[in-house]
Structures are given as structure tokens and as C-alpha cells.
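Read off the chains here:
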Amino acid sequence: MTAILAILGEHSGPADVRGLLGTMAYRGSEVHDVFRCPGAVLAVARDRWETQPEFAGETMIASRGDIHVVCDATLYYKADLLRQLKGAGVIPASHSSADLIAAAYEAFGAECVNVLEGDFSFCVWDTKRRQLFCGRDPFGARSTFHARIDGRLFVASTPHPMLARMGPAAKVSREGVLRAILMRYGDGTVTPWEGISELPAGSRLYADSAGVRVERYWEARGADHYARLTTDEARATLRELLDAACAERAVPQSTALAMSGGYDSTAVFSSLASAAGTIPHILSFALPDGDPGDESPYITAVAESYGTTVNWVEITGVPLYIELERRCRTRSHCHGHTLEIHNRVLARRARTLNARVLLNGHGGDNVFALESWRMADLLRRGRLVELRRYRAARGYRGWRSFVDTCLRP
């Protein structure tokens with residue numbers, strides 16, 4: 001992760017900018033850079049490992065004529081992006097994320113968010129338009145917050161620079177805290193802190209002398225060319241997409257996989273082995289004998305079939321929570337992931353194996369267990385005969401199951 005900061009309005013002094021970046025030091029602090037011009041400041045800080053080509057790259061602040069960019073980003077499918085840029089007559093200064101985003105903005109303006117593939121949050125200061133433009137990836141992998149304080153607009157990776165600027169005047173929002181705990185964030189206008197907003201996933205922000213405007217540019221939706229596929233064609237297409245995604249993200253000899261015995265992580269393992277041409281380090285938790293969640297036989301079987309071993313991590317002794325007060329100070333929201341400590345233990349083990357990329361199958365259940373969503377979609381589209389056949393073939397009966405599987409999703 002990288003820490004990015006943009007300030008629109010009266011200049012802050014160098015010490016002030018460094019101090020605000022310092023509130024996000026846990027996201028990166030080893031290298032940093034600052035860009036200043038009348039009306040705007042851009043700043044960025046990251047650790048050296050993220051300057052490597054397969055991550056953010058060496059460019060800290062990309063300047064391209066009137067365009068200046070800071071980003072927290074790892075971009076994928078760069079070959080496709082480069083072809084689109086070449087078609088638009090734009091050649092990026094390098095393949096670093098900031099240079100690619102600057103080139104994409106020059107070529108496509110605000111629509112650049114639709115040609116970028118990856119995890120990203122970025123700020124573009126357009127000197128000619130005197131406009132700040134920000135974008136966040138569709139799945140919200142990189143966070144973005146903004147607030148207007150004392151006549152200046154602040155945009156940052158986390159709320160901490162804004163909280164530091166507010167000082168004792170910062171107030172907690174009860175509604176925002178409740179939303180955060182329930183993970184019902186809404187449209188981003190309400191966060192755990194009054195006056196601080198979050199740019200929602202798949203959204204972009206425009207800011208200039210007229211004010212701030214936020215709009216969504218992406219939403220989950222079907223595509224006609226996928227809807228026309230047969231079941232066999234859809235299965236093959238899903239495999240091709242998963243293969244391509246794994247090949248993009250894998251680093252030979254330096255990739256690890258946090259694995260369970262389910263469909264999701266085993267599918268990722270298969271794609272890594274076939275498409276990426278690398279057998280990842282397998283990491284998994286060793287559960288006590290008799291634990292109903294024990295999937296070790298399946299994990300071991302997969303490893304043996306590929307001639308590799310499993311790096312077992314003993315789950316006994318791993319606490320559910322640790323250092324709650326300290327960790328709360330570095331979170332963007334007031335809650336943490338239930339298995340945060342377990343994930344950190346797996347990450348530390350991956351580092352001992354010199355792994356630079358750790359993948360998992362998180363979210364795969366939503367791909368491989370689609371019955372309820374498929375039934376809800378059939379109902380929404382009025383395909384009642386197909387819905388009835390689908391439900392009957394799977395043994396669903398009664399109004400209660402109809403409500404649970406067709407209406408609630």
C-alpha cells in the first residue's frame with residue numbers, strides 16, 4: 001500500500017505536509033515526494049518494495065505537461081492498456097502505475113477509469129483545467145477519503161490526515177460508527193467522523209472552485225456476450241478469465257496461496273500451476289483433530305497431486321484479537337476483519353518463504369455457489385418457467401425457501 005495526499009487551496013508548508021503524510025506511515029514511509037503549484041499540493045509516500053515493477057513502480061509523482069498524478073495502485077493487463085494508449089497516440093513515460101494513469105488521463109480524460117484494470121486510488125491535478133480528479137477501483141481495494149476543512153479540500157488514502165488537521169474539533173458520527181460496524185457504508189457521505197466522506201468503490205471525484213462532485217462510473221452488471229453463452233461455454237470462459245487473472249498476478253518462485261479445501265482456492269491453485277506456470281507455496285491452518293472445519297485431507301491431496309508440500313500454521317494459540325487499541329488507530333473504519341490476526345499470521349509465514357505475492361480464494365464462494373443469486377436473477381427477469389425447473393431440480397420447496405432464495409438476494 002501507498003499513502004497519497006492531495007490538498008486543494010492555500011498552500012501547506014513542507015513540515016505540515018510531511019506531518020500529514022506521517023499520519024499514514026503504516027502504509028509506507030521509506031520514500032516520499034511532494035509536488036507543489038499554485039492552488040494545489042500532491043504528496044506520496046511508500047515503502048521501497050512497492051517501487052518494484054510488478055507493484056506501483058519507481059515513479060512517485062508523474063508529471064505530463066499540465067497533468068500531475070499521485071497514486072496508490074497496482075495495475076494489471078498492462079499490455080491491453082498500452083495498446084489502447086497507442087491507439088490514442090499517447091506513449092507513457094514508463095510502465096509505473098503513476099505514469100500509466102497520467103497517460104490514460106491525457107488520452108481519455110475522466111473516462112480513464114474505464115480502461116484501468118487493477119487495484120487503485122489516484123489523484124490527478126490538471127493545471128490547465130485547475131481541477132482535481134480522483135478515481136477509485138471498482139472493488140475498493142485501495143481506500144480514498146476527502147473532507148473540506150478551513151476552506152481547503154483534503155483527499156487522502158485514509159481519514160487520518162483530516163483528523164490531524166481537525167484536531168480536538170473532530171467529532172465522531174454515531175450513524176457512521178453504526179454503519180461501519182454493520183458494514184453498510186451507504187454512498188460514502190457518512191463515515192465514523194463528521195465532515196469526512198469516503199469515495200465509494202467504483203466512483204470518481206471532481207473538485208474545483210465550483211465545489212466537489214462525486215459520481216459512480218462502475219456497477220456490477222451482466223454483459224450480452226456472456227449471457228448468450230451455454231453452460232459449457234460459460235464454464236470454459238470462467239476458467240480462461242481465472243487463468244489470465246492468476247497469470248497477471250503471479251511472480252515466479254515468489255507466489256504463495258492461502259488455501260482451504262474448497263472450490264475457490266483450489267481453482268486458484270490450478271490456474272497458477274497451469275496458466276502462470278508456477279507452483280505456489282501452499283499455506284494453510286492446521287486445525288485440531290476432530291474440528292468440523294478441518295479440510296486438511298483435501299489440501300494435502302491437492303498438494304501431493306502436484307508434487308509439493310503444505311506449510312501448515314498451527315491455529316491453536318492464534319488469538320482472535322490483539323492490540324485492539326493500537327490497531328484501531330490505524331484503520332480507516334472503526335471495525336476490523338474478524339480473521340485479521342489469522343490473515344496476518346499467514347502473511348508473516350509467506351514472508352519467511354520469500355513470497356512477494358500472497359493470493360487466496362476469498363470471494364470464490366460467490367462464484368461457485370450461485371444458486372440463490374441465479375434464482376433471484378431468473379425471478380427478476382421474469383423467467384418463471386426456468387426458475388420453477390431450476391428450483392425443482394435442486395429440491396427447493398415451499399414459500400419460505402422461495403423468500404430465502406429468490407426474494408432476499
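The numbering scheme is per chain: residues are counted from 1 as the chain's sequence reads. Owing to the predicted nature of the model, reporting of local features is limited to residues with pLDDT of at least 70; listing and counting of side-chain atom pairs is limited to 80 or more, with chain, interface and lining totals taken over all residues. Only hydrogens and water are removed before side-chain values are computed, so all heavy atoms of the structure are retained for them.

## With respect to the packing of helix 2 (residues 78–87) against helix 3 (residues 97–108)
- Axis geometry follows a simple rule: fit a line to the C-alpha atoms, using only the stretch in contact for helices, then measure angles between N-to-C directions, giving values from 0 to 180 degrees. Strands here mean DSSP runs of E at least two residues long; helices mean DSSP runs of H or I at least four residues long; both are numbered from the N terminus. In the contact formed by helix 2 and helix 3, the axes pass within 10 Å of each other and the chain directions differ by 35°. As for how helix 2 packs across helix 3, the hand of that crossing is left-handed. Here Lys78, Leu81, Leu82, Gln84 and Leu85 of helix 2 come into contact with helix 3, specifically with Leu100, Ala103, Ala104, Ala107 and Phe108.
- Residue polarity follows a fixed list, in which Ala, Val, Leu, Ile, Met, Phe, Trp, Tyr, Cys and Pro are nonpolar, Asp, Glu, Lys and Arg are charged, and the others, Gly among them, are polar. Considered class by class, the residues forming the contact of helix 2 with helix 3 number 8 nonpolar, 1 polar and 1 charged. We call a crossing left-handed when the near helix sits turned anticlockwise from the far one by less than a right angle, and right-handed when that turn is clockwise. Here a residue-residue contact requires only that any non-hydrogen atoms of the pair lie within 4.5 Å.

## Focus: a nonpolar patch on the surface
- Like charges are joined within 9 Å and nonpolar side chains (Val, Leu, Ile, Met, Phe, Trp, Tyr) within 5 Å, but only among residues with over 30% relative accessible area and no salt bridge; these make up the patches. All accessibility values rest on the Shrake-Rupley procedure with a 1.4 Å probe; residue burial counts only the protein chains present in the view. One speaks of a salt bridge when a side-chain nitrogen belonging to Lys or Arg is within 4 Å of a carboxyl oxygen belonging to Asp or Glu. Residues Leu320, Tyr321, Leu324 and Leu339 make up a contiguous nonpolar surface patch of about 380 Å² in total accessible area.
- Each residue is assigned to one of three classes by its accessible area relative to the maximum for its type, calculated with a 1.4 Å probe on protein chains only: buried under 20%, partly exposed between the two thresholds, exposed over 50%. With relative accessibility at 41%, the residue Leu320 sits in the partly exposed group.

## Points about the pairing of strand 16 (residues 357–360)
- Burial of strand 16 is one-sided: the residues Val357 and Leu359 facing one way are buried, the residues Leu358 and Asn360 facing the other way are not.
- Note: two strands are recorded as paired if DSSP finds a minimum of 2 bridges between them. Strand direction decides the pairing type here: strand 13 (residues 255–258) and strand 16, joined by 4 bridges, are parallel. Paired with Thr255 across the strands is Val357, a residue of strand 16.

## With respect to the sheet that holds strand 16
- If you trace the 4 strands from one edge of the open sheet to the other, you get 15-14-13-16, paired in parallel fashion. A strand with exactly one partner marks an edge of an open sheet, and here the two such strands are strand 15 (310–314) and strand 16. Pairwise comparison of adjacent strand axes, ignoring direction, gives a mean angle of 30° for this sheet.
- Bridge count between strand 14 (residues 281–286) and strand 15: 5 bridges; the pairing is parallel. Note that in strand 15 the partner of Ala286 across the bridge is Glu314.
- The strands touched by helix 9 (residues 296–305) are strand 14 and strand 15; relative to strand 15, the strand with the most contacts, the crossing angle is about 155°.
- Across the face of the sheet, helix 11 (residues 340–352) comes into contact with strand 13, strand 14, strand 15 and strand 16 while running at roughly 140° to strand 14.

## Focus: the packing of aromatic side chains
- Put simply, two rings from Phe, Tyr or Trp (the six-membered ring, in Trp's case) pair if the centres are within 6.5 Å, and we call them stacked under 30 degrees between planes, edge-to-face over 60, tilted for the rest. Scanning the model with the defined rule gives 8 aromatic pairs in all.
- With a centroid separation of 6.0 Å and an interplanar angle of 50°, the aromatic rings of Phe122 and Phe133 are classed as tilted. In this pair, Phe122 is assigned in strand 6 (residues 118–126) and Phe133 in strand 7 (residues 131–136), connecting sequence segments 11 residues apart.
- Judged by its relative accessible area of 1%, Phe133 is buried.
- Between the aromatic rings of Trp399 and Phe402, the centroid separation amounts to 5.4 Å while the plane-to-plane angle is 80°, which identifies the pairing as edge-to-face. Of this pair, Trp399 and Phe402 both sit in helix 15 (residues 398–407), separated by 3 residues, roughly a single helical turn.
- The class of Phe402 is buried, set by a relative accessible area of 17%.
- One aromatic cluster in this structure is built from Tyr105, Phe120, Phe122, Phe133 and Tyr206.
- Between the NZ or CZ atom of Arg213 and the centre of the ring of Tyr206, over which it lies, the distance is 4.2 Å. Charge-over-ring contacts are defined here by two conditions on Lys NZ or Arg CZ: a distance within 6 Å of the ring centre and an angle within 35 degrees of the ring normal.

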